[in-house]
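A structural walkthrough
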Amino acid sequence: MFKVNRLYKKLGKREILNGITTTFYDNGVSVIVGINGAGKTTFLDTIVGILKKDGGSIELNGFTPENKKFKEQVFYIPSDFYLPEYMTAKEYSKFILNHYPNSKYSIFLQCAKWLEIDKYLNKTIETYSYGMKKKIQLAIMAASDVSLILVDEVFNGLDFETSILVQKMLSELGKKKKVIIVSHEPSILKTFPTDIRLMKNGKIVEVSGTAEEIVEKIKKEGNLYSKLQKMEKYF
């Protein structure tokens with residue numbers, strides 16, 4: 001089980017995470033949505049330690065982020081990522097998977113084939129497009145065999161066919177693992193409607209309703225609703 005209790009984080013003088021308390025069970029796909037600037041990426045970065053929390057606790061299966069066991073159970077694909085361009089994709093994948101005790105390289109190779117990058121594994125990453133780099137991350141994610149998968153705007157830069165494959169991949173992984181998707185795409189709500197959570201005012205709350213109803217709730221956050229009304233009158 002993944003638990004967050006009274007998690008606080010400030011960036012400068014602005015409090016981004018305002019005592020978040022939430023629990024995620026051992027499997028299934030959860031989606032966190034919210035307007036830009038709500039703190040979704042900050043939440044993920046704080047979980048994995050990219051940002052240092054200002055208060056509260058984070059726990060996965062009894063382990064905290066400072067523990068090696070925690071790190072071995074979490075895989076994170078951020079929205080902005082850097083891959084060492086001097087390495088080949090094969091070298092990079094083996095380097096990363098070596099940090100995960102239960103990883104299976106055979107799964108990486110199979111996913112690379114499905115994502116149609118298997119012919120490029122011996123090429124250096126500097127020759128890869130943005131979409132190909134993301135595919136490498138996704139194949140490594142699938143092969144890592146961790147308990148908790150975190151992905152931030154994972155469908156950015158992917159073509160239509162790949163997006164469908166990745167949706168299926170995350171759905172299958174969610175049958176045995178916990179997958180948390182952070183997204184601003186309304187269509188994701190229709191794909192993964194079971195557990196949708198809204199980030200607002202530095203907190204996370206569970207929301208219910210159809211994808212359309214949830215989108216309408218999000219529209220009322222911040223100054224988005226005001227902008228939509230003004231646009232309607234303007235045009």
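Preceding block: the structure.
Quick summary incoming for the structure in this document. (Residues numbered from 1 in each chain as written. Predicted model: local features only at pLDDT ≥ 70, side-chain atom pairs only at ≥ 80, totals over all residues. Heavy atoms only, no water.)

**Looking at the sheet that holds strand 7 (residues 178-182)**
Strand order across the open sheet formed by 6 strands is 5-6-7-3-8-9, with mixed pairing between neighbours. Looking along the sheet, the strands with just one partner apiece sit at the ends: strand 5 (74-77) and strand 9 (203-207). Here the strands of the sheet are splayed against their neighbours by 20° on average, with no regard to which way each runs. Inspection of the sheet shows strand 6 (residues 148-152) paired to strand 7 by 5 bridges, in the parallel sense. Residue Asp152 lies in a different strand from strand 7, and its bridge partner there is Val182. The sheet strands contacting helix 6 (residues 160-173) are strand 3 (28-33), strand 6 and strand 7, and the helix crosses strand 7 at an angle near 140°. (Pairing = 2+ DSSP bridges. Helix = DSSP H or I, 4+ residues; strand = E, 2+ residues; numbered from the N terminus. Axes fitted to C-alpha atoms, helices over the stretch in contact; angles between N-to-C directions. Contact = heavy atoms within 4.5 Å.)

**A short note on unusual backbone geometry**
Residue Arg6 is not a glycine yet carries a positive backbone phi of 50°. Relative to the helices and strands, Arg6 resides in strand 1 (residues 2-11). Judged by relative accessible area, Arg6 falls into the partly exposed class, the value being 46%. For Asn61, which is not a glycine, the phi torsion comes out positive at approximately 50°. As for its placement among the helices and strands, Asn61 is situated in the loop between strand 4 (55-60) and helix 2 (68-71). You can call Asn61 partly exposed: its relative accessible area is 35%. (Buried < 20%, exposed > 50% of the residue type's maximum accessible area, 1.4 Å probe, protein only.)

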